[in-house]
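# Breakdown of the fold
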Amino acid sequence: GKVELGGGLSDKYNNAVMLNSFKNKRKLAGYGIMSNVGMTNLDWQDAQNYGGGLDGMTSGVDDDGGMWISYSGDDDNNYWGGRNGIPQNWNGGLHYSDKFGKDDKQSFNSGYKYTKVNAPAVSSSFSKTFLPDSSWNTNSFSNNFNSNIKHAVNLTMEFFLDSANSIKWTTKANKKDTRSTSDYYTESILESGDTINNSKRYSNNTGKNNSLNSTILWRHKFKKISRTLSVNTDLSWSDSKNNGLLYSLNKYYKDAMVNEIDTTDQLNVRNSDAKGISTKIAYTEPLAKDFYLELSHMISYNGNSNDRITYSKSNNGKYEDIIDTLSNSFIFNRLVNTPGLNFRVNKKKYNISFGAAVGFSNFIQKNITESSKTTYNYTNFFPRASYTYKFKPSENIRINYNGSSHAPSLEQLQPIRVNTDPLNIYVGNPGLKQSFQHSINAGYNFYNVLKERNLWTNLSLNLTQNAFVNASAVDSVGKRTYQTVNADGVYNLNFYSDYGFKLKNKIRLGFGPTGNASRNIDFINGVKNITTTSSYGLRFNASKNKENKFD
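For every chain, the first residue of the written sequence is number 1, and numbering continues from 1 onward in sequence order. Only residues with pLDDT of at least 70 are given local features in this predicted model, and only at 80 or more are side-chain atom pairs given and counted; all residues enter the totals for whole chains, interfaces and linings. As a convention, hydrogens and water are excluded, and side-chain values are obtained from all of the structure's heavy atoms.

### Focus on the overall build of the chain
Helix and strand assignments follow DSSP, with helices taken as H or I runs no shorter than four residues and strands as E runs no shorter than two, numbered in order from the N terminus. Helix and strand counts for the chain stand at two helices and 28 strands. Under the scheme applied here, a residue whose accessible area is under 20% of the maximum for its type counts as buried, over 50% as exposed, and between as partly exposed, the area being computed with a 1.4 Å probe on protein chains only. A burial count over the chain gives 36% of its 551 residues as buried. Whether two residues are in contact is decided by their heavy atoms, any of which lying within 4.5 Å being enough. Sequence separation of at least 24 residues holds for 60% of the intrachain contacts in the chain that already meet a minimum separation of 6. Here the Shrake-Rupley method, with its probe set to 1.4 Å, supplies the accessible areas, and only the displayed protein chains count as covering residues. As displayed, the chain has an accessible area near 31400 Å², and 55% of this comes from carbon and sulfur atoms. When charges are counted, Lys and Arg are positive and Asp and Glu negative, with His and the chain ends excluded. Positions of charges follow a simple convention, taking NZ of Lys, CZ of Arg, CG of Asp or CD of Glu. Averaging the locations of the 64 positively and 47 negatively charged side chains of the chain gives two centres separated by 10 Å.

Now the structure itself:
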């Protein structure tokens, strides 16, 4: 077991406990966390000791046999990074796993997790807006509170039927309740000091979200070495019900006098559900020594429904009158077929792989409210290629390329006005084209065991054609209406390096230059804005350790 207790000034606390019980291959584990300093989950090491794993962690094997592990974090985050406020957190979980059967080839892994996070936050922002003929300053202040309660269950079973066949079944279910309130004030002031608008807004929202995902994977190994067949089927379901009250008082000025007052008092109801099934068949065939063919085909279907209904108050004071311009009901169905072909060459000195997949997508959007139907057909191309050359077992150079198409989302296409923020109104764009991203990654690495020297380098470039960007229209009183449009020329370039060596006194030093450059695009009142950002730096580190003593 493990117990951590921490306390500090201003009623700060950070407490955690974990208990484990082992018997042969069986494991029982439980943990609990109570913290208000930002810790909302187990860290990497504790999660592995606990045995429940981490949501968002994926692993795999490269074409050259190298292992990789990636962790993106679950939707509660290990720490409250990137969000407003410092949360109060209550978090706990139970885990049970066992292995059984001949040679312990059958396994069972299960877990339950409970999370409650309350996060109050106070924020302020000061910004400046530039238009061709005017500019103004905007000051905003908000007082927010968010509360999330989540129950999560996971189950994994793996069976080796015989030496050639195995089945793995994984299921995850989540139930999440959310509540949020926001008290917000903003004002925009011209350079002359005259006010052009101000807005007071209060909102109160609740949501219930449920989801279920299940995957079953069958793998078969033929008698011929490297000839394999696998079938993977994914099932998914989600349901979301959200209710929100919105009240805002908006004032617009002309010549420093109130010219217009706009009051919003409404109830927003948004319900959605999604169902999906996909199956991928993959076959590997050795064409010659060190030369392999990989064939695959995936077919997937997703059905989504989205109901957004906005009510205003009727004469009896209840929210009963539907606002037609802010209400709509949509059904969005997607059928995608993706055949793929890939070749792989594994040599002692180098590895090469190249191939492509093509996705044929059919989207059907039904506007139930207006009894209309729109069909979208996309052909998505996914080329890929990689090359690795090994000068020595511990020295190599590599370059990878991946291309991928991305279709617009229902929210981006759906032509319905959303006035949650009356000063910033988003509308859909049914004329969006799909985007295409080119991703290039290159690097050179070496590690000298005897001299304890190393060099790690990585250069990556992401270039997007028909990127999804914002186009805004701002009027003279500061009202902004915006939507998603396509634009070319968006990119992001990153460089990382680290050269390390050890001195005679066993201190290890490392340093290396880093750099980043990016280009983004948006439109304001028809004017194209290009924002380029670049940064560079030098990393330096020093370390020393003595085994079982210190680091």
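### Focus: the pattern of salt bridges
By convention in these notes, a salt bridge is any Lys or Arg side-chain nitrogen within 4 Å of a carboxyl oxygen on Asp or Glu. Counted according to the given criterion, the structure contains 12 salt bridges. Put simply, Asp177 and Lys175 hold a salt bridge, and the shortest N to O gap is 3.9 Å. Here Asp177 falls in the partly exposed class, since its relative accessible area comes to 23%. Its salt-bridge partner being Glu285, residue Arg227 comes within 2.7 Å of it at the nearest N-O pair. Linking Arg227 in the loop between strand S11 (195-221) and strand S12 (228-254) with Glu285 in strand S13 (residues 257-288), this pair joins segments that are 58 residues apart in sequence. With a relative accessible area of 13%, Glu285 lands in the buried category. By sharing partners, the salt bridges in this structure join Lys175, Asp177 and Lys208 into a single network.

### With respect to the pairing of strand S22 (residues 435-448)
In this description, strands pair whenever DSSP reports at least two bridges between them. Looking at chain direction, strand S19 (residues 395-406) and S22 are connected through 12 bridges and run antiparallel. Opposite Gly403, over in S22, you have His438 as the bridge partner. In this sheet, strand S23 (residues 453-465) lies alongside S22 in antiparallel orientation, the contact comprising 11 bridges. The residue bridging Gln437 from the neighbouring strand is Thr464, located in S23. Where S22 folds back on S23, the antiparallel hairpin that results is connected by four residues, among which Glu452 adopts a positive phi of roughly 55°.

### Observations concerning the environment of Lys254
Note that Lys254 resides in strand S12. Exposure remark for Lys254: the relative accessible area of 54% places this residue in the exposed category. Taking the C-alpha atoms as reference points, Lys254 and Lys347, 93 residues apart in sequence, are found 75 Å from one another.

### Things to note about the confidence of the model for the chain
Of all residues in the chain, 93% attain a pLDDT of 70 or more, and the chain-wide mean is 88. pLDDT: the predictor's confidence for each residue, scored from 0 to 100. In this model residues 53-82 is a low-confidence stretch, pLDDT under 50, and it forms 71 contacts with partners more than four residues away in sequence or in other chains.

### So, the nonpolar core
Formed by Ala16, Met18, Ala29, Tyr31, Ile33, Met39, Leu42, Ala47 and Tyr50, the largest nonpolar core amounts to nine residues. Among the elements of the structure, strand S3 (12-23), strand S4 (26-35) and helix H1 (44-50) are those that each provide at least two residues to this core. With three residues, S4 is the largest single contributor of residues to this core. Remark: nonpolar core denotes a set of buried residues (Ala, Val, Leu, Ile, Met, Phe, Trp, Tyr, Cys) joined through side-chain atoms within 4.5 Å. Counting residues in each nonpolar core, the second largest holds eight residues, with Phe363, Tyr376, Tyr378 and Leu432 among its members.

### As for unusual backbone geometry
Non-glycine residue Ser226 carries a positive phi angle of around 75°. With respect to the helices and strands, Ser226 occurs in the loop between S11 and S12. Given the relative accessible area of 29%, Ser226 is considered partly exposed. A positive phi is found at Asn525, a non-glycine position, where the angle reads about 50°. Among the structural elements, Asn525 can be located in the loop between strand S27 (508-524) and strand S28 (527-543).

### Notes on the packing of aromatic side chains
Stacked, edge-to-face and tilted labels apply to pairs of Phe, Tyr and Trp rings (six-membered ring for Trp) whose centres lie within 6.5 Å, assigned for plane angles under 30 degrees, over 60, and everything in between, in that order. Scanning all chains against the criterion turns up 15 aromatic pairs. Consider the rings of Tyr376 and Tyr378, whose centres lie 6.3 Å apart with planes at 5°: the pair is stacked. Since its relative accessible area comes to 9%, Tyr378 is described here as buried. Aromatic ring contacts, followed pair by pair, group Phe332, Phe363, Tyr376 and Tyr378 into a single cluster. Stacked on the ring of Trp90, the Lys or Arg Lys116 has its end atom at 5.5 Å from the ring centre. Any Lys NZ or Arg CZ that is within 6 Å of a ring centre and within 35 degrees of that ring's normal is treated as a charge sitting over the ring.

### Some thoughts on the environment of Asn137
Among the secondary structure elements, Asn137 is positioned in strand S9 (residues 135-160). Measuring from C-alpha to C-alpha, the distance between Asn137 and Ile196 comes to 10.0 Å, with 59 residues separating the pair along the chain. In this structure, Asn137 is in contact with Ser127, Lys128, Glu187, Ser188, Ile189 and Glu191, ignoring residues within four places of it in sequence.

### As for the side chain of Asn36
With respect to the helices and strands, the residue Asn36 is situated in the loop between S4 and H1. Note on Asn36: relative accessible area 8%, which makes it buried. Each polar contact in these results corresponds to two N or O atoms within 3.5 Å; when the atoms are within protein, one needs to be able to donate a hydrogen and the other to accept it, and residues that are neighboring in sequence are counted only if both atoms are side-chain atoms. Engagement of the side chain of Asn36 in a polar contact is seen with the backbone oxygen of Asp11, the distance being 3.0 Å. Not counting residues up to four positions away in its chain, the partners in contact with Asn36 are Asp11, Lys12, Tyr13, Ile86, Pro87 and Gln88.

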